[in-house]
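Fold and contact review
Chain by chain, the residues:
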Amino acid sequence: MNDRLRTPLEKLIFEKEQIRLECMKREDEMTDSLSYVQDHAGSMLLSGVSSLIFPKSKTSAKKSLLPHKDKGKDPGKHGISDYLAMAKDMLPTALEIATPFLFTWGLKNVPKWLFRLVRRK
């Protein structure tokens, strides 16, 4: 039917059907995206954690494609300074993770210690 022959009601019904079909299409796309996230959540989490631990691992993969200039250091061996630098970078994250555990532990044990101190005197 042409637009000239349609009544306003028919136009609205036609638009409603188009919108409904578009919503169904978008809903299917969102469902596919969410199922992908659910299927790959573990690998994404591990990828995020490994990028926190080894932040330059992605750039080193790109550099390995370039001709390698040996600077006298074996790339497989890390010195103590490398581990200290990594620990320094991870310290804020580790504190964020440990704070709730330490707080809970303190709430359970500090009253016991205080009770023991008061009872001894």
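Residues numbered from 1 in each chain as written. Predicted model: local features only at pLDDT ≥ 70, side-chain atom pairs only at ≥ 80, totals over all residues. Heavy atoms only, no water.

This part takes up the pattern of salt bridges. What the rule picks out here adds up to 3 salt bridges. With a closest N to O distance of 3.0 Å, Arg26 and Glu22 form a salt bridge. Pair noted here: Arg26 and Glu22 are both in helix α1 (residues 8–39), with a separation of 4 residues, about one helical turn. Using a relative accessible area of 46% as the deciding quantity, one classes Arg26 as partly exposed. With a closest N to O distance of 3.4 Å, Glu29 and Arg26 form a salt bridge. Here Arg26 and Glu29 lie together in helix α1, a separation of 3 residues that amounts to about one turn. (Salt bridge = Lys/Arg side-chain N within 4 Å of Asp/Glu carboxyl O. Helix = DSSP H or I, 4+ residues; strand = E, 2+ residues; numbered from the N terminus. Buried < 20%, exposed > 50% of the residue type's maximum accessible area, 1.4 Å probe, protein only.)

The predicted model of the protein averages 78 in pLDDT, with 77% of residues at 70 or higher. Within the protein, the element-level pLDDT minimum falls on helix α3 (residues 57–63), averaging 47, and the maximum on α1, averaging 93. (pLDDT = per-residue confidence, 0-100.)

What describes a pair of aromatic rings is the distance from one ring centre to the other and the angle between the planes of the rings. According to the stated counting rule, one finds 1 aromatic pair in the structure shown. Between Trp105 and Trp113, the aromatic rings sit 5.7 Å apart at their centres with planes inclined by 80°, giving edge-to-face as the arrangement. Here Trp105 falls in the partly exposed class, since its relative accessible area comes to 46%. One Lys or Arg, Arg6, reaches over the ring of Phe14 and ends 4.3 Å from the middle of that ring. (Phe/Tyr/Trp six-rings, centres within 6.5 Å; stacked < 30°, edge-to-face > 60°. Lys NZ or Arg CZ within 6 Å of the ring centre and 35° of its normal.)

All right, on to a positive patch on the surface then. Taken together, the side chains of Lys108, Lys112, Arg116, Arg119 and Arg120 present a region of like positive charge at the surface. The residue Lys112 is located in helix α4 (residues 80–120) in this model. (Patch = residues over 30% accessible without salt bridge, like charges linked within 9 Å, V, L, I, M, F, W, Y side chains within 5 Å. Areas by Shrake-Rupley, 256 points an atom, 1.4 Å probe, with all protein chains shown as cover. Lys, Arg positive; Asp, Glu negative; His and termini not counted. Charge placed at Lys NZ, Arg CZ, Asp CG, Glu CD.)

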